[in-house]
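Now for the letters of each chain:
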Amino acid sequence: RPASGASRRAIHVIGIDGTETTLVACEQRTAVAWHEAMDMMIANEGRGIMPSAGQMVKSKSRIWSKCNLEEGQRNRIEEEYLVLASYSNKLVRTCSVPGQKNSPGVGGIYYSVETQKEPGESYKEENLESISKRRAVILDSWDFYRMVCSLVRDRRKYDEIFHKIRKDPVYPYFNSLAGMNDNSGEMKPVGQREYSDYPSLTNSQLADKLIADAEEVKPSLLAVCKKFAATFGLKEIGVGPIKTKEAALKKAERKYQGDLLKVTDYCRALLVVKDIPALLALLEHARDSFGELISRVKLSPLQDEHEPIIGGYRDVKINVEINGHVCEIQVHIWSMWSVCGVDGYKHYRHAIEYNTDSFKDPYRALDGLDHKAVAELTVMAEETIAEVPLENLEWHHESKILDYSAEVGLFMKHNLFQWAETTLKKIIELRLESPDIGPYHLETLSLYESLEKCLNAQDKKRDAGEVREMIEEIELTRGKKEEEAEKSRWDYLNVCHVINPNYTDEQDRAERKKEIKASKKCWRKIRSQRYPYLHSPLLNDSRAASEVNSRYTPSAQSFCDPYGEDDLEFANRMMTHDSSQPKYDL
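The rules we used
Residue numbering note: each chain is counted from 1, following its sequence as written. Per-residue local features of the predicted model are confined to residues with pLDDT of at least 70, and side-chain atom pairs are confined, for both listing and counting, to 80 or more; whole-chain, interface and lining totals are unaffected and use all residues. Heavy atoms from the whole structure form the basis of all side-chain values; hydrogens and water molecules are not counted. Each helix is a run of DSSP H or I of at least 4 residues and each strand a run of E of at least 2, with the numbering of both proceeding from the N terminus. Throughout, exposure labels follow a simple rule: accessible area from a 1.4 Å probe, protein chains only, divided by the maximum for the residue type, with under 20% read as buried, over 50% as exposed, and the rest as partly exposed. Between two residues, a contact is recorded if the distance between any of their heavy atoms is within 4.5 Å. Under the convention used here, a 1.4 Å probe and the Shrake-Rupley method define accessible areas, while residue burial counts only the protein chains that appear. To count toward a patch, a residue needs a relative accessible area over 30% and no salt bridge; like charges are then connected within 9 Å, while nonpolar side chains (Val, Leu, Ile, Met, Phe, Trp, Tyr) are connected within 5 Å. Note on definitions: salt bridges are taken to be side-chain nitrogens of Lys or Arg within 4 Å of carboxyl oxygens of Asp or Glu. In this count, Lys and Arg are taken as positive residues and Asp and Glu as negative ones, while His and the chain termini are left out. The atom standing in for a charge is NZ when the residue is Lys, CZ when it is Arg, CG when it is Asp and CD when it is Glu. For two strands to be treated as a pair, DSSP must find no fewer than two bridges joining them. To get an axis, a line is fitted to the C-alpha atoms, and for a helix only the part in contact is used. The angle between two axes follows their N-to-C directions and goes from 0 to 180 degrees. Think of it this way: a Phe, Tyr or Trp ring, Trp meaning its six-membered ring, pairs with another when their centres are within 6.5 Å, and the plane angle makes it stacked under 30 degrees, edge-to-face over 60, tilted otherwise.

Trainee: Explanation requested: the overall build of the chain in the structure shown.
Mentor: In terms of regular secondary structure, the chain is built from 19 helices and 7 strands. Burial statistics for the chain: of 586 residues in total, 48% are counted as buried. Of all intrachain contacts in the chain linking residues separated by at least 6 positions in sequence, the fraction that spans at least 24 positions is 70%. When the accessible area of the chain is evaluated, it comes to approximately 29,400 Å², of which 50% is carbon and sulfur surface.

Trainee: Can you help me understand a negative patch on the surface in this one?
Mentor: There is a patch of like negative charges on the surface, built from Asp 463, Glu 466, Glu 469, Glu 472, Glu 473 and Glu 475. With respect to the helices and strands, Asp 463 occurs in helix α15 (residues 461-492). Taking relative accessible area as the criterion, Asp 463 reaches 33% and is therefore assigned partly exposed.

Trainee: How should the sheet that holds strand β4 (residues 268-273) be read in this particular structure?
Mentor: Adjacent strands of a sheet form backbone hydrogen bonds with each other and so pair up, either parallel or antiparallel. The sheet built from 5 strands is open, its strands ordered β3-β4-β7-β6-β5 with mixed pairing. Pairing within the sheet leaves two strands with one partner each, and these edge strands are β3 (237-239) and β5 (294-298). Strand-to-strand, the axes of this sheet are offset by a mean angle of 15 degrees, without reference to chain direction. Summarising the sheet, strand β6 (residues 316-322) and strand β7 (residues 325-333) pair through 7 bridges and their orientation is antiparallel. Counted as the bridge partner of Ile 318 is Ile 329 from β7. Across the sheet, helix α6 (residues 203-232) touches β3, β4, β6 and β7, and the angle it forms with β7 is around 40 degrees. Strand contacts of helix α8 (residues 276-290): β4, β5, β6 and β7, with the helix running at about 15 degrees to β6, the strand carrying the most contacts.

Trainee: Explanation requested: the packing of aromatic side chains in the structure shown.
Mentor: Note on aromatic pairs: each is described by the distance of the centres and the angle between the planes. Per the counting criterion, the structure on display carries 13 aromatic pairs. Between Phe 228 and Phe 290, the ring centres sit 5.2 Å apart and the planes meet at 45 degrees, which makes this aromatic pair tilted. Here Phe 228, found in helix α6, pairs with Phe 290, found in helix α8; they are 62 residues apart in sequence, far enough to count as distant. On the accessibility criterion, Phe 228 (2% relative accessible area) is buried.

As structure tokens, then:
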């Protein structure tokens, strides 16, 4: 069985005569391979234990003796595993693992394996190719499993960040605002214009037409974003790439019953703001400067009564119509954006494709795998983390921490709970050191829950009980911190907030209204200090979007006021459209 120790290189062995010893490998991946090979041999009654005369020995293999495999099957599995482990080890030793530092790449693999042969060992060229192909399939499976672990981890981070965003004194005011055409249901209220020739086009032709329009307006959208960046000192902006035809058709089919005109992000851009006050300032500036271009402002994903985007992310979207084509500007809060950066869309796409929001535990992705598959995936895990042994892991090695966390699931699935325990303790130690995570983060809480399972599986009831106490303390402290943050926010807003369970709905609404008014007052103060150049009236949060539309329709001149006379030509160019077509106003 695996022995305890921070290096994770030791195996505890008990002989048939009761003699106990500990084998220590030179590297942790070697220890994993040794353990698996010995477990397979012990389970193989024809090759494992050779008792002396008169001795009766019962196999004590933890995994393989329970598989009810025939001798031929077991021998084949053992041989394939050992060949894979040996091949992987040679790749690591010769720095031939694709993607790692100082690697010669795939082209050097065959040569590297050949030159590392032991005396009497031989590989045929076709055997090397077969091993390489098999390894590639297993590596793809490991990459998929690791990706699932990454998606769940990032979702926890998003949840934790949103938890902190809601503590901002200005958030209650933002949370009370109604967006424009912000319908979170299936029926999207805005879309691309439908021209007279569109009904005669096939979906493929229509997608080509809309993509061509998007390419044409892309420079203008970039100009809009540059003006936002110049006004607010934004350091993160981006435009494009234009959505592909395949992606547009797929999105239309998945979300809009095949209606390509409902897809409004053929041409898209992003802006990253510091916090909620910066977001409010940007929304005001957008309304007053680009009002006639705006067809939709979607605030709901960042409001607490609504569910986040699939994958856990939350942002604000502004749709602007430029020269008759509706584009999308995504506005991100920096703390949310910093989790994945530009890879956030990849996170979103994968979360949709693999439905990772449907489960809390990423290790569920291993359900249904047999022991051979888990053993081979563990070889790939060890190959991936070979550069950074467990004892050398540091809190800022985020990618390797993810690899080790994923390997924990493999260990637990394979009943290697001691190594899972050792790894979890190290990861928890690093999470406690991390300035971005710490002891009360959802990620840390999840790690403690996995550690409790490992300890219970080893019948370490006392240690498991201590971990359970830590979990309860974290949950209690998180609750207290939430109450303190709520009280601190109310104190900052100078409002007396008492949670009374006997309140009627009407009284509760009155208390909530008081909180919103205090939050709005706080925003006015911040606004005057940080954004004195915002001269227009505040968004009127007490009226519906339809009232705002009828009350306020900015002109081209008001669009230009923040910038001066030189921008009049820019405004007119951006708003060129067929006046016979319907237009949305903020």
